[in-house]
Amino acid sequence: MQLTFSIAAAGASSPLTVDIDHFVIAGWAGRDAAAIEHHIEELAAIGVPRPSAVPLFYRVAANQLTQAETVQVAGPDSSGEVEVLLFSHAGHSYVSLTSDHTDRKLEAHSVALSKQLCAKPVAREAWPLDEVLPHWDSLRIVSTIVEDGREVSYQDGTLDSLRTVHDLAQRHTGQPQLPEGMAMSCGTVAVIGGIRPANTFTMALVDERLGRRLTHRYTVECLPVVA
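Presented here is an overview of the structure given in this document.

**Topic: the nonpolar core**
Thought 1: Counting 66 residues, the largest nonpolar core has Phe-5, Phe-87, Trp-136 and Leu-205 as the members making the most contacts within it.
Thought 2: A per-element tally of this core places strand β8 (residues 82-89) first, with five residues.
Thought 3: With residues up to four places along the chain from it excluded, the contact list for Trp-136 reads Arg-31, Val-84, Val-95, Leu-129, Leu-159, Thr-164 and Val-165.

In structure tokens:
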């Protein structure tokens, strides 16, 4: 899957095109055991079985990554989760933003299949990882949804609640940097008010130290489920 990102540098931006053929989602990626348990219970409330290990790495088809502004899903039971996206190119690591959009009804049967079923929206901008590593824990991932005609906060948390990208890469590949061609979705934060579907999802990676943010907004088109 080919993705193109705008990379800000020296007051300008330049395009970076990367080919991703291996995509993995790091699940249950929190640093704090109590926070992980909260998320497990959050999903258990909608019938999702407990994971076999934490963290757990789910392989998902790379062609599910998309930078489109609209995604199509089967039925009304899916929802998004904001996550940092990690990838490498020409010896350097970069971070962007993705949504682990998941079919919640299927999730109660199989987490792996529920993740595979839905497209994973990706932002069109990225930052060099080296620029944010010194203040990594202060970065925030946030999301909002449109509900009853108004935009409401859905997620908001700092990355100090999640394992670092180097830690996740090391656990999955044995190296602190992902190989080229691989991308990793690096965990999420708790949902405000319970997991629920929405037709519009907006996500952001907020860097208050450097006064900037990565954002992406997408809409969901629900396809009919017929038998």
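Moving on from the model shown.
**Describing the pattern of salt bridges**
Thought 1: Following the criterion strictly, the structure yields 15 salt bridges and no others.
Thought 2: The closest approach of N and O atoms between Arg-124 and Glu-69, which form a salt bridge, is 3.7 Å. With Arg-124 in the loop between β11 (120-121) and β12 (125-128) and Glu-69 in the loop between β5 (65-66) and β6 (70-74), the pair connects residues that are 55 residues apart, well separated along the chain.
Thought 3: Note on Arg-124: relative accessible area 37%, which makes it partly exposed.
Thought 4: A salt bridge links Glu-131 to Arg-212; its shortest N-O distance comes to 3.0 Å. Taken together, the residues span a long stretch of sequence, with Glu-131 in helix α4 (residues 129-132) and Arg-212 in strand β17 (residues 212-223) at a distance of 81 residues.
Thought 5: Look at Glu-131 and you get partly exposed, because its relative accessible area is 31%.

**Details of helix α5 (residues 165-173)**
Thought 1: Buried within α5 are the following residues: Val-165, Leu-168 and Ala-169. Buried residues of α5, seen end-on, are gathered within an arc of 100 degrees and therefore sit on one face of the element.
Thought 2: Turning to α5, the residues buried within the fold contact β3 (22-27), β4 (56-60), β8, α4 and β15 (182-185).
Thought 3: Two residues or fewer after α5 comes Gly-174, characterised by a positive phi angle close to 85 degrees.

**Comments concerning the sheet that holds strand β16 (residues 200-207)**
Thought 1: Reading across the sheet, the five strands line up as β6-β17-β16-β13-β14 and stay open at both edges, with mixed pairing between neighbours. Across the chains shown, the open sheet's two edge strands, defined by having one partner strand only, are β6 and β14 (150-158). Going from strand to strand, the sheet's axes swing by 25 degrees on average, the running direction of each strand aside.
Thought 2: Note that β6 and β17 share five bridges and pair parallel. Each bridged residue has a counterpart across the sheet, and for Val-71 the counterpart in β17 is Val-220.

**Some details on the layout of surface pockets**
Thought 1: The volume enclosed by the largest pocket comes to roughly 310 Å³.
Thought 2: Considering the residues around the largest pocket, the lining is formed by 24 residues, among which Trp-28, Ala-29, His-39, Thr-188 and Val-189 are closest to the centre.
Thought 3: Counting residues per element, the ones that place at least two in the lining of the largest pocket are β3, α1 (33-44), α2 (104-107) and α3 (111-117).
Thought 4: The dominant element in the lining of the largest pocket, judged by the number of residues it contributes, is α1, at five residues.
Thought 5: Residues belonging to the lining of the largest pocket are distributed by class as follows: 11 nonpolar, seven polar and six charged.

**Quick look at α1**
Thought 1: Between its terminal C-alpha atoms α1 stretches 16 Å, which fits the 16 Å expected from 12 residues at 1.5 Å a residue.
Thought 2: Taken together, the buried positions of α1 are occupied by Ile-36, His-39, Ile-40, Glu-42 and Leu-43. End-on, the buried residues of α1 take up no more than an arc of 155 degrees, which puts them together on one face. In α1, the exposed positions angled more than 90 degrees off the buried face are occupied by Ala-33 and Ala-34.
Thought 3: Residues of α1 that are buried sit in contact with α2.
Thought 4: Structurally, the start of α1 carries an N-cap: the backbone nitrogen of Ala-34 is 3.0 Å from a side-chain oxygen of Asp-32.

About the thresholds
- Residues numbered from 1 in each chain as written.
- Predicted model: local features only at pLDDT ≥ 70, side-chain atom pairs only at ≥ 80, totals over all residues.
- Heavy atoms only, no water.
- Core = buried A, V, L, I, M, F, W, Y, C linked by side-chain atoms within 4.5 Å.
- Buried < 20%, exposed > 50% of the residue type's maximum accessible area, 1.4 Å probe, protein only.
- Helix = DSSP H or I, 4+ residues; strand = E, 2+ residues; numbered from the N terminus.
- Contact = heavy atoms within 4.5 Å.
- Salt bridge = Lys/Arg side-chain N within 4 Å of Asp/Glu carboxyl O.
- Arc of directions from axis to C-beta.
- Pairing = 2+ DSSP bridges.
- Axes fitted to C-alpha atoms, helices over the stretch in contact; angles between N-to-C directions.
- 1 Å grid on protein atoms, 1.4 Å probe; cavity = no way out; pocket = protein on both sides within 12 Å on 5 of 7 lines; lining within 4 Å.
- Points joined across faces, edges and corners; volume = space filled by probe spheres on them.
- Nonpolar A, V, L, I, M, F, W, Y, C, P; charged D, E, K, R; others polar.
- Expected span 1.5 Å × (residues − 1).
- Polar contact = N/O pair within 3.5 Å; in protein donor to acceptor, adjacent residues only side chain to side chain.

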